[in-house]
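Residue-level listing of the chains:
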Amino acid sequence: MNALLVAGTTSDAGKSVVTAGICRWLARSGARVAPFKAQNMSNNSVVTPDGGEIGRAQAVQAAACGLEPSVRFNPVLLKPGSDRSSQVVVLGRVAGEVTAMSYRARKAALLDTVVSTLEELRAEHDHVICEGAGSPAEINLRANDIANMGLARAAGLPALVVGDIDRGGVFAQLFGTLALLDAADQALIAGFVINKFRGDPALLEPGLDQLRELTGRPVHGVLPWAEELWLDAEDSLSYVADGVVGRPAPPRGDQWLRVAVPRLPRISNATDVEALAAEPGVAVRFVTEPSRLSDADLVVLPGSKSTAADLAWLRGSGLADAVLAHARAGLPVAGICGGFQMLTRRIHDEVESGAGAVDGLGLLDLEIEFAARKTLARPSGRAFGEPVSGYEIHHGQPVRRGELEPLVTTADGQPEGGIAGSVLGTHWHGLFENDAFRRSFLRWAARRAGRDGFEPAGDTVFADIRAGQLDLLGDLVEKHLDTDALRRLLDGGAPAGLPTLRRSFG
């Protein structure tokens, strides 16, 4: 058997973190384990060493396994560019645009790709932990499903269903998810996991007993709320506008550095700012209206899957004028990928949005032209005098570059990004994860903002913080889940004879 599916009652129920936790627990036991998500819909992605693009959550899960990310861990990635269309990425490479309706016709062929890729991983590893997508009870999508019970049926996977008790109604969520499935799907649902519980677990016992009686399936564990877990959110919905990102420690100096990040409608790689939020004395907030920039020291324009449309939203919301006023006051502004493109004089886009020529904010003296071929790279170089590395995922290419100082000089001597006074930008994601560069950048931003009392910590190692979070996930699984039951599912699949709940329709 050697594989199982972690499904969820809803998006953001905890599938990604439970999958990462199980991966970490198994890897620490000495097993060769790999993550897998057949189909992900997310604009948070990374570039793999094999030159492709996958969802960021699968890269984090790979790290939990002690592996480099691979396109095989997420064979199908959908990147929404609007409410009705998405770019589809298959085994790391762009394979066109789809609408919700046109995508259905492609799913049969994609299921073959998904199943064969999973079988390769199962042959090479002791265990493969698969993450579902959304909810398996999306009955309107079940006929063409390749990510939840469609995958489980095709590959013979036992499934756990994770429910988020912090949202309320978790017993109804778990019971209802099972009850909406047909008999063959229900036969693979082997049990439940309750996530984000606060309080005394003894209070849950009567409900757990009744759920077992009603469904014939156990709850394999109750994971407590863990305040420390906040890195590497699966998508931008996890970030509350106007809420502080992470758990900022007190400043090392006598002043905070306040960072505002416009929460764009099609924000991508929102996790770029998490390395800033991990620094003591740095308070990062996602914002949606201009008053929130009035007391910010630093503004960071994040990536976007739809640069032209998000720039129009920035203007319509009044945030563009607030960013311009911030920069004209000599206060620091940084742009990443799509945010960098917005800072330029002009964007020429006949590829992503078809908008043609669009005026940028004009803060950096260059123009961007979108190319049909997407740049996917893991470059290195130097910035602010420090060695840096990152990854690139973009169609836009700098053209007609003015007298602009590069932010980064690449390893082969090429200019990347730009810096002009208090404004800088780069196409590179992950730049802030370089510890020495991040400290130099924060000193630069604090000086520009007049925050002389802010002092970057000299001992923040972002890679260690991420590894610590993965170890915490592994600890939670080992302590709070029935790991013997998990091993039985991995070894033998779903138990035979699980009862079927009667559906009142169909």
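Further up the page is the structure itself.
No experiment lies behind these values; they were computed from the predicted model shown.

Trainee: What am I meant to see in the overall build of the protein here?
Mentor: A count of helices and strands for the protein gives 14 helices and 28 strands. Since a compact globule built from 506 residues should have a radius of gyration of about 23 Å, the 23 Å found for the protein is in line with a globular shape. Projected onto the principal axes, the alpha-carbon positions of the protein cover approximately 70 × 50 × 40 Å. Across the 506 residues in the protein, those meeting the buried criterion constitute 58%. Taking as baseline every contact in the protein between residues at least 6 positions apart, the subset at least 24 positions apart corresponds to 73%.

Trainee: What am I meant to see in the pattern of salt bridges here?
Mentor: Opposite charge on two side chains allows them to pair when their charged atoms are near. For the coordinates displayed, the defined rule picks out 33 salt bridges. Across the pair aspartate 164 and lysine 196 runs a salt bridge, and its minimum N-O distance is 3.5 Å. With aspartate 164 in strand β10 (residues 159-164) and lysine 196 in strand β11 (residues 189-197), this residue pair connects regions lying 32 residues apart in the sequence. When salt bridges with common partners are traced through the structure, they connect Arg24, Arg28, Asp471, Asp475 and Glu478 into a single cluster.

Trainee: What should I look at first to understand the state of the cysteines in this one?
Mentor: Covalent bonding between the sulfur atoms of two cysteines is what defines a disulfide. The final tally for this structure, using the stated rule, is zero disulfides. In this structure cysteine 130 is not part of a disulfide, and its nearest cysteine sulfur, from cysteine 23, lies 9.2 Å away.

Trainee: What is the right way to read the sheet that holds strand β7 (residues 85-90) from this model?
Mentor: Sheet strands pair by backbone hydrogen bonding; their relative direction is either parallel or antiparallel. Reading across from one edge, β3-β6-β7-β8 is the order of the four strands in this open sheet, with mixed pairing throughout. Unpaired on one side and paired on the other, β3 (39-41) and β8 (93-99) mark the two borders of the sheet. For this sheet, the mean angle separating the axes of adjacent strands, direction not counted, is 25 degrees. Relative to β8, β7 is paired through five bridges, and the arrangement is antiparallel. For serine 85, the partnering residue across the bridge sits in β8 and is threonine 99. Each of β3, β6 (76-80), β7 and β8 touches helix α3 (residues 100-124); the most contacted strand, β8, lies at about 145 degrees to it.

Trainee: Just to check I follow, could you spell out the packing of helix α1 (residues 15-28) against helix α14 (residues 483-492) for this structure?
Mentor: The relative placement of two packed helices comes down to the angle between their axes together with the axis-to-axis distance. For the pair α1 and α14, interaxial distance at closest approach is 13 Å and the crossing angle is 90 degrees. The angle between α1 and α14 falls in the class roughly perpendicular. Of the residues in α14, those in contact with Ile22, Trp25 and Leu26 of α1 are Thr483, Leu486, Arg487 and Leu490. Residues that form the contact of α1 with α14 fall into these classes: five nonpolar, one polar and one charged.

Trainee: Looking at this structure, I do not really get the pairing of β7. What am I missing?
Mentor: Across a regular strand the side chains alternate sides, sitting on one face of the sheet and then on the other. In terms of residue burial, β7 counts as a mostly covered element, since five of its six residues are buried. Counting the residues between successive antiparallel strands, the hairpin from β6 to β7 contains four residues. A loop of two residues connects β7 with β8, the two strands running antiparallel in sequence, and leucine 91 in this loop sits at a positive phi of about 45 degrees.

Trainee: Could you clarify how one ought to interpret unusual backbone geometry in this entry?
Mentor: A negative phi angle is the norm for most residues apart from glycine, just as the trans form is the norm for most peptide bonds. The backbone of leucine 91 shows a phi angle near 45 degrees, a positive value even though the residue is not glycine. With respect to the element layout, leucine 91 can be found in the loop between β7 and β8. For leucine 91, a relative accessible area of 34% translates into the label partly exposed.

Trainee: Got a minute to help me understand the packing of aromatic side chains in this structure?
Mentor: By the definition in use, this model includes six aromatic pairs. Relative to phenylalanine 437, the ring of phenylalanine 432 has its centre 6.3 Å away and its plane inclined at 15 degrees; by these criteria the two rings are stacked. The pair formed by phenylalanine 432 and phenylalanine 437 is uniform in burial state, with each residue classed as buried. Among the aromatic residues, those joined into a ring-pair cluster are Phe384, Phe432, Phe437, Phe441 and Trp444. Of note, arginine 198 hangs over the ring of tryptophan 225, and the distance from its end group to the ring centre comes to 3.7 Å.

Trainee: Explain the packing of helix α5 (residues 170-179) against helix α7 (residues 205-215) to me, please; I cannot follow it from the model alone.
Mentor: Viewed as axis vectors pointing N to C, α5 and α7 meet at an angle of 10 degrees, and their least axial separation amounts to 11 Å. When the axes of α5 and α7 are compared, the pair comes out roughly parallel. Of the residues in α7, those in contact with Phe171, Leu174, Phe175 and Leu178 of α5 are Gly207, Leu208, Leu211, Leu214 and Thr215. Tallied by class, the residues present in the contact of α5 with α7 amount to seven nonpolar, two polar and no charged.

Rules used in this analysis
Residues numbered from 1 in each chain as written. Predicted model: local features only at pLDDT ≥ 70, side-chain atom pairs only at ≥ 80, totals over all residues. Heavy atoms only, no water. Helix = DSSP H or I, 4+ residues; strand = E, 2+ residues; numbered from the N terminus. Rg over C-alpha atoms; globule rule 2.2 N^0.38 Å. Buried < 20%, exposed > 50% of the residue type's maximum accessible area, 1.4 Å probe, protein only. Contact = heavy atoms within 4.5 Å. Salt bridge = Lys/Arg side-chain N within 4 Å of Asp/Glu carboxyl O. Disulfide = S-S within 2.5 Å. Pairing = 2+ DSSP bridges. Axes fitted to C-alpha atoms, helices over the stretch in contact; angles between N-to-C directions. Parallel < 35°, antiparallel > 145°, perpendicular 65-115°, else oblique. Nonpolar A, V, L, I, M, F, W, Y, C, P; charged D, E, K, R; others polar. Phe/Tyr/Trp six-rings, centres within 6.5 Å; stacked < 30°, edge-to-face > 60°. Lys NZ or Arg CZ within 6 Å of the ring centre and 35° of its normal.

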